[in-house]
Every structure is written in structure tokens, then in C-alpha cells.
Amino acid sequence: MFVLVSLCDTIRIPPHNLSLPLLEAIQIEIRKLFFDKVVKDLGLCITLYDIQSIEGGFVFPGDGAPTFTVDFRLVMFRPFVGEVLVGKLQECDKSGLSISLGFFDDIHVPEHLLQQPSTFDEEEKLWLWNYQGTDMFMDLEEQVRFRVAQVKYPPIPVEQENNAKPFAPMEIIADINADGLGLVSWWS
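Residues numbered from 1 in each chain as written. Predicted model: local features only at pLDDT ≥ 70, side-chain atom pairs only at ≥ 80, totals over all residues. Heavy atoms only, no water.

1. Some remarks on the sheet that holds strand β4 (residues 66-77)
The antiparallel open sheet is built from four strands, whose spatial order is β1-β4-β3-β2. The open sheet has two edge strands with one neighbour each: β1 (2-12) and β2 (38-39). Where β2 meets strand β3 (residues 43-59), two bridges bridge the pair, whose relative direction is antiparallel. Within β3, the position partnered with V39 by the bridge is G43. Against the sheet, helix α1 (residues 22-34) makes contact with β1, β2, β3 and β4, and its axis sits at roughly 130° relative to β3, the strand it touches most. (Pairing = 2+ DSSP bridges. Helix = DSSP H or I, 4+ residues; strand = E, 2+ residues; numbered from the N terminus. Contact = heavy atoms within 4.5 Å. Axes fitted to C-alpha atoms, helices over the stretch in contact; angles between N-to-C directions.)

What follows is the structure, encoded as C-alpha cells:
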């Protein structure tokens, strides 16, 4: 679920941070650049793990701020395909389920990856799984155990319709169609 990623980047220290110790000023800039942001194919940045090297300190003409080449490591959220995680059921609609981990919300279980046979109850606006003749509702805010089927990094849209959902730079497609998956309460 969490991986350590090594990166090298050019970090510019703005003049108002020059009074700080160099390490602290670089940490502030790395936080601004990476924290809570998705880096394509690397995942969602959680925190700075360490800084391995700092080189440079060049001031480019007309800039007034030193620029350093910094090697550092970040803790990233990047689940692997097949990994089993537990989140909370946020939303149900005809297309499937939306699940949240608390710090990451773009997890979708499409209807064809739900426990079978499952049907959408229009009145309750919930999915239900018919297990041996018993209807098991998938209630909102319940804990859901799911398996990662795919991690996608869609391209950034040039234009977005007014009524479209906000762009998600990282999406997880999940599966609950196996024994032990689905609502945690089903298996306790």
C-alpha cells in the first residue's frame, strides 16, 4: 500500500525562506511541491521520508533565489493489483460503489465486480447481494474489504463539463466478488 520512492528534483528556495536553515527551507519547498499530490505512475505523496543529498545553490540571473539539486525519498500511497484493503462505503449508484480510505476517496467498484448476484434497490438507493436467498444490503458508512483490480492515472482533461465530477489524477478500480470480500460485517 505504501512505497518508498527516490526522486531528484531542482528545488528553488524563495528569498523569504533564506533566513531558515537550509534543510528546513528545502523541506518546506518539497512539502509545497509534493504533499497530497499525485505523481503519475508513482502514487499519492504522503510524507517526506528523508533527504539524501543537496547540491548546488546556484542563483540564476534576474531570479534572486538559490536553486538546489536535491535527492530525496517520499512515502507514496500506491496499492498493487491484488492487494486487499479495507475502506468505508461512501456512495452507491447504478454504476457501483464508491469507497473511501479516509485519505483517498477515488475508489470505485463497478457493478460487474460486485458479489454475484447483486442488484440495485432503487427505493433504498443501495446495492444488495442475494446470498442463498437472503438479501444482504451494502449500507453506507460500513467497512468494506476490497481487492485492487486496477490503478489508473487518467490524462488531465483539457476541458471539463460544468456538471462533471472533479478530476481525479489517480483512480482505483476495486473488486469485491470473492469470499471474504465485501462488507466486513458479512464475514464476522
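Right, picking up where we left off after that structure.
2. Focus: a nonpolar patch on the surface
A cluster of nonpolar residues, M1, F2, I46 and F103, forms a patch on the protein surface that exposes about 330 Å² of accessible area. Inspection of the secondary structure puts F2 in strand β1. Look at F2 and you get partly exposed, because its relative accessible area is 45%. (Patch = residues over 30% accessible without salt bridge, like charges linked within 9 Å, V, L, I, M, F, W, Y side chains within 5 Å. Areas by Shrake-Rupley, 256 points an atom, 1.4 Å probe, with all protein chains shown as cover. Salt bridge = Lys/Arg side-chain N within 4 Å of Asp/Glu carboxyl O. Buried < 20%, exposed > 50% of the residue type's maximum accessible area, 1.4 Å probe, protein only.)

3. What to know about the layout of surface pockets
Estimated volume of the largest pocket: approximately 350 Å³. Around the largest pocket, the lining comprises 14 residues; the ones closest to its centre are S98, D105, D106, I107 and K165. Of all elements in the fold, only β5 (84-93), β7 (107-110) and β12 (171-175) reach the threshold of two or more residues within the lining of the largest pocket. Here the residues of the lining of the largest pocket are counted per class, giving five nonpolar, three polar and six charged. (1 Å grid on protein atoms, 1.4 Å probe; cavity = no way out; pocket = protein on both sides within 12 Å on 5 of 7 lines; lining within 4 Å. Points joined across faces, edges and corners; volume = space filled by probe spheres on them. Nonpolar A, V, L, I, M, F, W, Y, C, P; charged D, E, K, R; others polar.)

4. Quick notes on the pattern of salt bridges
Within the structure shown, the criterion is met by seven salt bridges. A salt bridge links D63 to R12, with the shortest nitrogen-to-oxygen separation between them at 2.9 Å. Taken together, the residues D63 in the loop between β3 and β4 and R12 in strand β1 connect sequence positions 51 residues apart. A relative accessible area of 38% places R12 in the partly exposed class. Between K152 and E171 there is a salt bridge, with the nearest N and O atoms lying 3.7 Å from each other. With K152 in strand β11 (residues 143-152) and E171 in strand β12, this pair connects stretches of sequence that are 19 residues apart. In this structure K152 comes out as partly exposed when scored by relative accessible area, which is 30%. Within the structure, one salt-bridge network assembled from shared partners comprises K94, E122 and K125.

5. A word on unusual backbone geometry
Residue Q116 is joined to P117 through a cis peptide bond whose omega torsion reads 0°. With respect to the element layout, P117 can be found in the loop between β7 and β8 (118-121). One non-glycine residue, D41, adopts positive backbone phi at about 70°. Positive phi values are uncommon outside glycine, yet E141 reaches one of about 70°. Structurally, E141 is set in the loop between β10 (134-137) and β11.

6. Thoughts on the sheet that holds β10
The three strands lie next to each other as β8-β9-β10, forming an open sheet whose pairing is antiparallel. The sheet is open, and its two edges are formed by β8 and β10, each paired on a single side. Neighbouring strand axes in the sheet, compared pairwise and without regard to direction, differ in orientation by 35° on average. Here β8 runs beside strand β9 (residues 126-131); their pairing, made up of four bridges, is antiparallel. Bridge pairing links D121 to L126 in β9.

7. A look at the environment of M170
Counting through the fold element by element, M170 comes out in the loop between β11 and β12. For M170, the residues in contact, after removing those within four places along its chain, are V38, G43, L44, F77, P79, F104, D106, V151, K152, Y153 and P154.

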